[in-house]
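# Structural features, examined
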Amino acid sequence: MGEPAPHGAAFNESLTNTTDREVPRHVAVVMDGNGRWAQARGRPRIQGHRRGVETARQVTSLCGEAGVEYLTLFAFSSENWKRPREEVGLLTQLLVSSLENEISRLHANQIRLNVIGDLKPFGIKVERMVATAREKTADNTAMTLTIALNYGGRWDLITAARTLARACEEKQIAWQDIDESALTAALSTIELPDPDLFIRTGGEIRLSNFLLWQLAYTELFFTDALWPDFDQALFLRALEFYQTRQRRFGRIGEQVRGSS
Ligand code: IPE
Ligand code: IPE
Ligand code: MG
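So, a few notes on the structure that sits alongside this text. This one's a predicted model, so the numbers in the text were calculated from it and none came from an experiment.

### Some words on the site of ligand 1
Of all residues adjacent to ligand 1, which total 13 residues, the nearest are D32, R36, R45, H49 and R83. Between ligand 1 and D32, the relevant distance is 2.8 Å, taken from an oxygen atom to a side-chain nitrogen or oxygen of the residue. Between G35 and ligand 1, the recorded distance is 2.9 Å, taken from a backbone N or O atom to an oxygen atom. Secondary structure elements with two or more residues in the shell around ligand 1: α2 (34-39), α3 (45-66) and α4 (85-108). For the shell around ligand 1, the element with the most residues is α2, which contributes 3 residues. Looking at the shell around ligand 1, its residues break down into 3 nonpolar, 5 polar and 5 charged.

Rendered as structure tokens:
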């Protein structure tokens, strides 16, 4: 994020060619395959997670160059607590320390940092660190980077349902006021538009409880590449995939062509 872009002129040219066409405004990523990447090399899984943090840094910089306005990275799911205790401990430590270390670099690059997910299990210190980072970067305009940490789509929907139920109980709203926009506004992603492009590395064709409501009309790109191997060429392939899609949102092709 702070360093100059690590790619050469040839790549810049293909990036420019690709980004001359429509670039997704919001890209959401399931960064999967770190463990397998390390295991294939006979190394402990945590080394894959460390490489994964580097890939995240590089993809953030690529998104900035491409003109993506919002990047959301799934770093730790509400189900990942079920992993062996040692991995959970090392991984959560790595994620929290990486977040802390990246703040000044993000800020220097005009990136606004946002975190979604239930931070309570990480303790008050981490909650405060995140709140301070959000405040510090709040006015940055280059891009919004959202890290999903202890995030689950079902958790998000349950939290929103409770918020709306309480607002009804306290007579701030009537039950009839609960519509699509009220629910959208009660989710943790209130500051973000719905993702345009979803990317999942690691070969699995599933959402694994990521942004369940928000992904309703997102274009879905899956690759077998493991997250530490996700590079510039694959990023471009995902953008090009997006550019070949016709987004109909329920309408027919002629209507969409007619309106553009
Ligand atoms: C990273 O990949 C995703 C996280 C939960 C941090 P994994 O740790 O799931 O790697 P694989 O899928 O076991 O290879
Ligand atoms: C999804 O990956 C969660 C993150 C990338 C943080 P998982 O590796 O946890 O997904 P499953 O368990 O294979 O569905
Ligand atoms: Mg996995």
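### Brief notes about the site of ligand 2
Neighbouring ligand 2 are V30, M31, D32, F74, A75, F76, S77, N80, R83, R200, R206 and S208. Within the contact set of ligand 2, an oxygen atom lies 2.9 Å away from a side-chain nitrogen or oxygen of N80. Here R83 contributes a side-chain N or O atom positioned 3.1 Å from an oxygen atom of ligand 2. Relative to its unbound accessible surface of 390 Å², ligand 2 loses 77% to contact with the protein. The element best represented in the shell around ligand 2 is strand β2 (residues 70-77), accounting for 4 residues.

### A short note on helix α6 (residues 153-169)
The end-to-end C-alpha distance of α6 is 24 Å, a good match for the 24 Å that 17 residues give at a rise of 1.5 Å each. Turning to α6, its buried residues are G153, D156, A160, L164 and A167. An end-on view of α6 places all buried positions within 65 degrees of arc, on one side of the element. In α6, the exposed positions angled more than 90 degrees off the buried face are occupied by R154, R162, R166 and E169. Of the surrounding elements, those touching the buried residues of α6 are β4 (143-151) and α7 (180-186). Positive backbone phi, approximately 60 degrees, marks K171, located one or two places after α6.

### With respect to the packing of α3 against α4
Packed helix pairs are specified by the crossing angle of their axes together with the interaxial distance, meaning the distance between the axes. Across the interface, α3 lies against α4 with an axial gap of 10 Å and an inter-helix angle of 25 degrees. Relative to α4, α3 is oriented roughly parallel. Considering only the axes of α3 and α4, their crossing is right-handed. Mapping the contact onto sequence places R45, I46, H49, R50, V53 and R57 in α3 and E87, L90, L91, L94, S98, E102 and R105 in α4. In terms of residue class, the contact of α3 with α4 is built from 5 nonpolar, 2 polar and 6 charged.

Reading the values: the criteria
- Starting from 1, residues in each chain are numbered consecutively following that chain's sequence as written.
- Here every chain gets a letter starting at A, and every ligand a number starting at 1, in the order they are written.
- Reporting in this predicted model follows two pLDDT cut-offs: at least 70 for local features of residues, and 80 or more for side-chain atom pairs to be given and counted; totals over whole chains, interfaces and linings ignore these cut-offs and use all residues.
- Side-chain measures were taken over the full set of non-hydrogen atoms in the model, leaving aside hydrogen atoms and water.
- Throughout this document, a residue counts as near a molecule or strand when at least one of its heavy atoms sits within 4 Å of that molecule or strand.
- The term polar contact refers here to a pair of N or O atoms within 3.5 Å; inside protein, the definition further demands a hydrogen-donor-capable atom paired with an acceptor-capable atom, and it admits residues adjacent in sequence only when both atoms are side-chain atoms.
- Each helix is a run of H or I in the DSSP string that is no shorter than four residues. Each strand is a run of E no shorter than two, and both are numbered from the N terminus.
- Just so you know the grouping, Ala, Val, Leu, Ile, Met, Phe, Trp, Tyr, Cys and Pro go in nonpolar, Asp, Glu, Lys and Arg go in charged, and all remaining residues, Gly too, go in polar.
- Note that accessible areas follow from Shrake-Rupley with a 1.4 Å probe, and for residues the cover is restricted to the protein chains shown.
- By this rule the span expected of a helix is its residue count minus one, scaled by 1.5 Å.
- Exposure categories follow from relative accessible area, calculated using a 1.4 Å probe and restricted to protein chains: below 20% of the type maximum is buried, above 50% is exposed, and the middle band is partly exposed.
- Directions drawn from the helix axis to the C-beta atoms are what define this arc.
- Whether two residues are in contact is decided by their heavy atoms, any of which lying within 4.5 Å being enough.
- Interaxial angle, 0 to 180 degrees, is taken between N-to-C directions of lines fitted to C-alpha atoms, where a helix line uses only the stretch in contact.
- The labels follow the angle: roughly parallel below 35 degrees, roughly antiparallel above 145, roughly perpendicular from 65 to 115, and oblique for the rest.
- Each crossing gets its hand from how the near helix is turned against the far one by less than a right angle, where anticlockwise is left-handed and clockwise is right-handed.

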